[in-house]
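Fold and geometry: a report
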There are 2 protein chains.
Amino acid sequence: MSSLVTVKENHLIQKYFNSLKNESSAISLGIGDDSAEIKSKDTFLTSVDTSLSGTHFPKDLDPFYIAYRSLIIASSDIYAMGGIPHSFLLSITHPDPNDDWFKKFSSGTQEFINDYKVSIAGGDLTLGPLSISVTFFGNPLPRVLKRSSARLNESIYITGKLGAGYQGLIKYRDYETDNQFLRPDVPKDLVKPLNPYINACIDISDGLVIDLERICNASEVGAQIQYDKAFITEGIEDLIRGDDYQLCFTANSKHHEEIKKISQDIYCIGKINNTNKVSVFDGDQEVNFKTKGWDSFSLKNS
Amino acid sequence: MSSLVTVKENHLIQKYFNSLKNESSAISLGIGDDSAEIKSKDTFLTSVDTSLSGTHFPKDLDPFYIAYRSLIIASSDIYAMGGIPHSFLLSITHPDPNDDWFKKFSSGTQEFINDYKVSIAGGDLTLGPLSISVTFFGNPLPRVLKRSSARLNESIYITGKLGAGYQGLIKYRDYETDNQFLRPDVPKDLVKPLNPYINACIDISDGLVIDLERICNASEVGAQIQYDKAFITEGIEDLIRGDDYQLCFTANSKHHEEIKKISQDIYCIGKINNTNKVSVFDGDQEVNFKTKGWDSFSLKNS
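Cut-offs and rules
- Residues numbered from 1 in each chain as written.
- Chains lettered and ligands numbered in written order.
- Predicted model: local features only at pLDDT ≥ 70, side-chain atom pairs only at ≥ 80, totals over all residues.
- Heavy atoms only, no water.
- UniProt positions renumbered as here; feature names shortened; annotations may be inferred.
- Helix = DSSP H or I, 4+ residues; strand = E, 2+ residues; numbered from the N terminus.
- Rg over C-alpha atoms; globule rule 2.2 N^0.38 Å.
- Buried < 20%, exposed > 50% of the residue type's maximum accessible area, 1.4 Å probe, protein only.
- Areas by Shrake-Rupley, 256 points an atom, 1.4 Å probe, with all protein chains shown as cover.
- Lys, Arg positive; Asp, Glu negative; His and termini not counted.
- Charge placed at Lys NZ, Arg CZ, Asp CG, Glu CD.
- Pairing = 2+ DSSP bridges.
- Right-handed = clockwise from strand over helix to strand, strands pointing away.
- Least-squares fit on C-alpha atoms with pLDDT ≥ 70 in both.
- Contact = heavy atoms within 4.5 Å.
- Polar contact = N/O pair within 3.5 Å; in protein donor to acceptor, adjacent residues only side chain to side chain.
- Buried area = accessible area lost by both parts, 1.4 Å probe.
- Salt bridge = Lys/Arg side-chain N within 4 Å of Asp/Glu carboxyl O.
- Nonpolar A, V, L, I, M, F, W, Y, C, P; charged D, E, K, R; others polar.
- Phe/Tyr/Trp six-rings, centres within 6.5 Å; stacked < 30°, edge-to-face > 60°.
- Lys NZ or Arg CZ within 6 Å of the ring centre and 35° of its normal.
- pLDDT = per-residue confidence, 0-100.

Chain A has the name Thiamine-monophosphate kinase in an unreviewed UniProt entry, where SAR86 cluster bacterium is given as its organism. One UniProt comment on chain A, placed under Sequence similarities (unreviewed entry), says "Belongs to the thiamine-monophosphate kinase family."

Here it is as structure tokens:
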């Protein structure tokens, strides 16, 4: 990659990223040239996600977790399409690149590479306000999962409890680092067994209600969610909190038993209908939320 | 793509990017889902490049040219590897997304798509200091061109005159928009005919001397450049100015005539040697530059 930074700074990215140990065999040609060369099937899935300091992560977050969290969040878009992530490009904007920061950041990158069996294909460094832009690549499973494939009367599922990301943020503020804000619980092992049954799918990044609404809009359907304490962490507000990175998907109800067998973490939360809106019921009472999604900018001054 | 911005802002990116008319057939599934799906050969080339307001382009630059210039610069890394760019992902960070800005930006994006026969695969929007991160994808030509392939006694070539980017910046400051700072002259039509002859290759983004030094370091060789007014725009300083996006490549001297026949814009500027450094001669006098590359941050306050 070319980047208009000084030789010293280019040296940092070469030094710390060249020494990472890759875990997938996807890379034909990695760091050190103008482009990476990546092995592919007939098609590949790709997505870009930018995490900004003070918006998507706290300004004083340990660079280890800046790396780990940014990479998980970016990989989530590949899982949500019915894909298996295998490699990524990193574009880092940093106000003052230095050994200490890069050492910690590359250590978090290495841990993510190990945990998710992926490879780094290349990196880019620019001087400026701290932000991490990750482009992920993945192999599609047999069914590529679009938002527009939800059909009337299908069941709606989530792959894990909602609100864990928000609880993780509270834990983080209490100086507890073992939490799902820093290490979101992406359902990486469920994607393959679930693939034959899923129709529409999205990752819950901005909040269940708003993300399910995106499925409904793309599919020209509506949805009704039946609230149950079984699938939330704290309270009904967890339905409009984001940062969970669980998948929300629809499937024909005839597959219900097969889906439930795959994992006890999967919850059936409602049904697709023809109302063209997402409504939430607590018992037989409709719930009205003030907002549909989590205000990501609440982190701005933290 | 998921991005923690409001519905209104997500709507902007959908509105302006969905209406773009793609020119390559590379995209199986484009904007509107969590990932894009892109058609591929056995391998694909990919590279990411971030352009920051006030660093890589002036803060008051028309969004049309922010798009056009950012996209050209990013595509240049694919050409430099011996590839033909076919599609890209855009990650935009913007402090105040609005219709006026997106209309102009998408218009510049469309003109680039038309000029370079490529397609947009997806986009992402984050609130923050203005920057454009472009991930480009391309098909490799038969020879993938690494920096490490330069060999002793090979000839060194450039695909066009140096200094045009810098001259373009001066023109831009004189309110002349037809210039090679806003529309760098990437040698897109030369990449295919030159491919059989090129060994090592790099795009001249940071300056000829520093970029050639990258080839020399990767190949464990040295280089001597024989300065000639024929291949510069203004003066010898053009050898250490960046932003030209011409290619610098090495080839076996036996191909000299075939290479010169491909374009009269191609100049032979020197030879690979075993000195492990890049030296520049003006006649028989060695030239010493204060810096090896252009100081990109001279734009910082413009």
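1. Brief notes about the overall build of chain A
When helices and strands are counted, chain A shows seven helices and 13 strands. Whereas a compact globule of 302 residues would reach a radius of gyration of roughly 19 Å, chain A reaches 20 Å, a difference of no more than 12%. Across its three principal axes, chain A shows a C-alpha extent of roughly 65 × 45 × 30 Å. Going through the 302 residues of chain A one by one, you find that 65% of them count as buried. Of the roughly 11,400 Å² that chain A leaves accessible, carbon and sulfur atoms contribute 46%. Charged side chains in chain A number 31 positive and 40 negative. The centres of these two groups are separated by 3 Å.

2. Concerning the pairing of strand β4 (residues 83-94) of chain A
All names here are of chain A. With respect to burial, β4 is a largely interior element, 11 of its 12 residues being buried. Here 10 bridges tie β4 to strand β6 (residues 131-140), and the two strands are oriented antiparallel to one another. Looking across to β6, one finds that Leu-90 is bridged to Val-134. Pairing of β4 with strand β5 (residues 119-127), which is carried by eight bridges, proceeds in the parallel orientation. Note that in β5 the partner of Ser-91 across the bridge is Asp-124. Regarding topology, helix α3 (residues 99-116) serves as the crossover connection from β4 to the parallel β5, and that connection is right-handed.

3. Re the relation of the copies chain A and chain B
Here two copies of a chain appear, and what relates them is a rotation about an axis with a shift along it. The transformation that overlays chain A on chain B combines an axial shift of 0.0 Å with a rotation of 180°, and the residual RMSD is 0.0 Å. Given the turn and translation reported, the copies of this chain are related as if by a two-fold rotation axis. Measuring from the rotation axis to each C-alpha of chain A, the shortest distance belongs to Ser40(A), at 3.3 Å. Taken together, the interface assignments show that 100% of the residues at the interface of chain A recur at the interface of chain B, consistent with an identical surface on both copies.

4. Comments concerning the environment of Tyr227(B)
All names here are of chain B. Mapping Tyr-227 onto the fold places it in the loop between β9 (222-226) and β10 (247-251). The spatial distance from the C-alpha of Tyr-227 to the C-alpha of Ser-253 is 18 Å, given a sequence separation of 26 residues. Each residue touching Tyr-227, except ones within four places of it in the same chain, is listed here: Ile-232, Gly-235, Ile-236, Leu-239, Val-280, Phe-281 and Asp-282. Here the side chain of Tyr-227 touches Ile-236 through a polar contact of 3.4 Å, landing on its backbone nitrogen.

5. Points about the interface of chain A and chain B
Often the size quoted for an interface is simply the accessible area lost on bringing the parts together. On the side of chain B, 62 residues touch chain A, which itself brings 61 residues to the contact. Buried surface at the junction of chain A and chain B, summed over both partners, amounts to about 5,100 Å²; 56% is from carbon and sulfur atoms. Where chain A packs against chain B, one counts two salt bridges. Ionic pairing is found between Asp34(B) and Arg147(A), a salt bridge with its closest N-O pair at 3.2 Å. In terms of residues, the side of chain A that touches chain B owes the most to one element, strand β3 (residues 43-52) of chain A, which gives nine residues. Residue composition of the side of chain A that touches chain B, by class: 26 nonpolar, 21 polar and 14 charged. Note that strand β2 (residues 36-39) of chain A and strand β3 (residues 43-52) of chain B share four bridges and pair antiparallel. Residue pairing in the sheet places Lys39(A) in a bridge with Thr43(B) of β3(B).

6. Topic: the packing of aromatic side chains
The geometry of an aromatic ring pair comes down to the distance between the two centres and the angle between the two planes. Summed over the entire model, instances satisfying the criterion amount to 38 aromatic pairs over all chains. With a centroid separation of 6.5 Å and an interplanar angle of 10°, the aromatic rings of Phe64(A) and Tyr68(A) are classed as stacked. Of this pair, Phe64(A) and Tyr68(A) both sit in helix α2 (residues 63-80), four residues apart, which is roughly one turn of the helix. On the accessibility criterion, Phe64(A) (13% relative accessible area) is buried. Put simply, the rings of Phe64(A), Tyr65(A), Tyr68(A), Phe88(A), Phe112(A), Tyr116(A) and Phe136(A) touch in pairs and so form one group of aromatic residues. The ring centre of Tyr166(A) lies 3.7 Å from the NZ or CZ of Arg241(A), which sits over that ring. The residue whose ring lies beneath Arg183(B) is Tyr68(B), and the NZ or CZ to ring-centre distance is 4.7 Å.

7. Side note on the side chain of Ser155(A)
Residues and elements named next belong to chain A. For Ser-155, the position within the fold is in strand β7 (residues 155-158). The buried category is assigned to Ser-155, whose relative accessible area is 4%. Polar side-chain contacts of Ser-155 include one of 2.9 Å to the side chain of Ser-253. Leaving out residues up to four positions away in the same chain, Ser-155 has contacts with Phe-249, Thr-250, Ala-251, Ser-253, Cys-268, Gly-270 and Lys-271.

8. Quick notes on the UniProt feature "binding site: substrate" (unreviewed entry) in chain A
All names here are of chain A. UniProt's entry tags His-56, Asp-243 and Trp-294 with the feature "binding site: substrate" (unreviewed entry), counted in the numbering of this structure. Its place among the elements puts His-56 in the loop between β3 and α2. Accessibility expressed as a relative area gives 8% for His-56, which makes it buried. We classify Asp-243 as buried; its relative accessible area is 2%.

9. Structural notes on the confidence of the model for chain A
Residue and element names in this part refer to chain A. The predicted model of chain A has a mean per-residue pLDDT of 91, with 93% of residues at 70 or higher. Scored below 50 in pLDDT, residues 1-5 makes 32 contacts in the model with residues more than four places away or belonging to other chains. Every residue in residues 295-302 is under pLDDT 50, and counting partners more than four places away or in other chains gives 20 contacts.

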